Amino acid sequence: KREVDVAIRDAHHYHLDTSPLISQRNKTQAKVEKFLRANRLTKLSKKLAKLEQAPTAESVIDLGPKRRKLKKALIKWQSRRPFDRKNFHKFRILIKKCRYTLEATDPTKKSEAVLQLRKLQHRLGRAHDLEVVQSFCGYDPRVAKDETAHLRRAKLKVKLVLPTILEALQNK
């Protein structure tokens, strides 16, 4: 639902017809309501209660293997063109995983790598939002221009911050 709400906001900004988006939001809202009515709310509440419990020392996971896996994936992306439409979403998810993994071991969440990943994730997310708008509202040259600009800036940022991110994944 959030993705559609963001798309509606963006469509308003570009003065586009929001009726397909509103229709999609209504369908999504109906699915959510059906889910909540189907006695799943009780199960969901129990699961959330378990998640709220503080982790014990035994339950803390060693993130070393996860870091190595993410580092290897980032190195692989260096040799690719990560911003083609086919692989864009996968790259965006990889950046998100890197950020959350580093945040898990950085209590202040203010390391240079985390700050750079936030900025990069914002750029990639913004480009994705504009892609969603066009998928519902059709091609619009203004939206496409802004989407391309966000992708271009993200691509430049990747080149600048990748060494910092790789080093941070190595160090902990």
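Shown above is the structure to which this text applies.
Conventions and cut-offs
Residues numbered from 1 in each chain as written. Predicted model: local features only at pLDDT ≥ 70, side-chain atom pairs only at ≥ 80, totals over all residues. Heavy atoms only, no water. Helix = DSSP H or I, 4+ residues; strand = E, 2+ residues; numbered from the N terminus. Buried < 20%, exposed > 50% of the residue type's maximum accessible area, 1.4 Å probe, protein only. Contact = heavy atoms within 4.5 Å. Areas by Shrake-Rupley, 256 points an atom, 1.4 Å probe, with all protein chains shown as cover. Expected span 1.5 Å × (residues − 1). Salt bridge = Lys/Arg side-chain N within 4 Å of Asp/Glu carboxyl O. Patch = residues over 30% accessible without salt bridge, like charges linked within 9 Å, V, L, I, M, F, W, Y side chains within 5 Å. Arc of directions from axis to C-beta. Lys, Arg positive; Asp, Glu negative; His and termini not counted. Charge placed at Lys NZ, Arg CZ, Asp CG, Glu CD. Core = buried A, V, L, I, M, F, W, Y, C linked by side-chain atoms within 4.5 Å.

J.: Could you give an account of the overall build of the chain, naming the residues involved and the relevant values?
T.: On a plain count of helices and strands, the chain comes out with six helices and zero strands. Its helices and strands taken in sequence order, the chain reads α-α-α-α-α-α from the N to the C terminus. In the chain, which comprises 172 residues, the proportion classed as buried is 35%. Sequence-distant contacts in the chain: of pairs separated by 6 or more residues, those separated by 24 or more amount to 67%. Just so you have it, the chain exposes about 11600 Å², and 55% of that area is on carbon and sulfur atoms.

J.: Before we move on, can you summarise helix α1 (residues 2-13) with the specific residues and values?
T.: In a regular helix each residue adds 1.5 Å, so twelve residues correspond to 16 Å; α1 covers 17 Å between its end C-alpha atoms and thus fits that length. Directly beyond the C-terminal end of α1, a positive phi value near 60° is found at H15.

J.: I'd like a description of the pattern of salt bridges, backed by residues and values.
T.: A complete count under the given rule lists seven salt bridges for this structure. The shortest N-O distance in the salt bridge between D5 and R25 comes to 3.4 Å. With D5 in helix α1 and R25 in helix α2 (residues 19-52), this residue pair connects regions lying 20 residues apart in the sequence. With a relative accessible area of 27%, D5 lands in the partly exposed category. Of the charged contacts, one joins E103 and R118 as a salt bridge, the two residues approaching to 3.3 Å between their closest N and O atoms. With E103 in helix α4 (residues 88-104) and R118 in helix α5 (residues 112-137), this pair connects stretches of sequence that are 15 residues apart. The class of R118 is partly exposed, set by a relative accessible area of 29%.

J.: Lay out a nonpolar patch on the surface with the relevant residues and their values.
T.: Together, V32, F35, L36, L41, L44, L48 and L51 give the surface a local cluster of nonpolar side chains, amounting to about 600 Å² of exposed area. Here L48 shows up in helix α2.

J.: Explain helix α3 (residues 64-78) residue by residue, including any values.
T.: Residues that lie three or four places apart on an α-helix share one face, since the helix turns once every 3.6 residues. With 15 residues, α3 should cover 21 Å at 1.5 Å per step; its first-to-last C-alpha distance of 21 Å lies within 8% of that length. Among all positions in α3, only G64, R67, L70, L74 and W77 are buried. Across the axial projection of α3, the buried residues extend over an arc of 140°, all falling on one side. Residues of α3 that are exposed and angled more than 90 degrees away from the buried face: R68, K69, K72 and K76. On the buried face of α3, the contacting elements are α4 and α6 (141-171).

J.: An account of a positive patch on the surface is needed here, citing residue identities and associated values.
T.: There is a patch of like positive charges on the surface, built from K34, R37, R40, K43, K46, K47 and K50. The residue K34 is located in helix α2 in this model. A residue is classified by how much of its surface remains accessible, and K34, at 60% relative accessible area, is exposed.

J.: Talk me through the nonpolar core; I want residue IDs and the actual numbers.
T.: Judged by nonpolar contacts, the single largest core of 24 residues is most densely connected at L74, I95, C98, L102, L120, L124 and L169. Breaking this core down by element, the ones donating at least two residues are α3, α4, α5 and α6. When residues of this core are assigned to their parent elements, the largest contribution, nine residues, is made by α6. Excluding anything up to four places from it in sequence, L120 contacts I95, A154, K157, V158 and V161.

J.: Can you lay out the side chain of Q121 for me, pointing to particular residues and giving the numbers?
T.: By secondary structure assignment, the location of Q121 is in helix α5. Residues in contact with Q121, not counting those within four places in the same chain, are I95, K96, R99 and Y100.

Geometry only, nothing functional implied.
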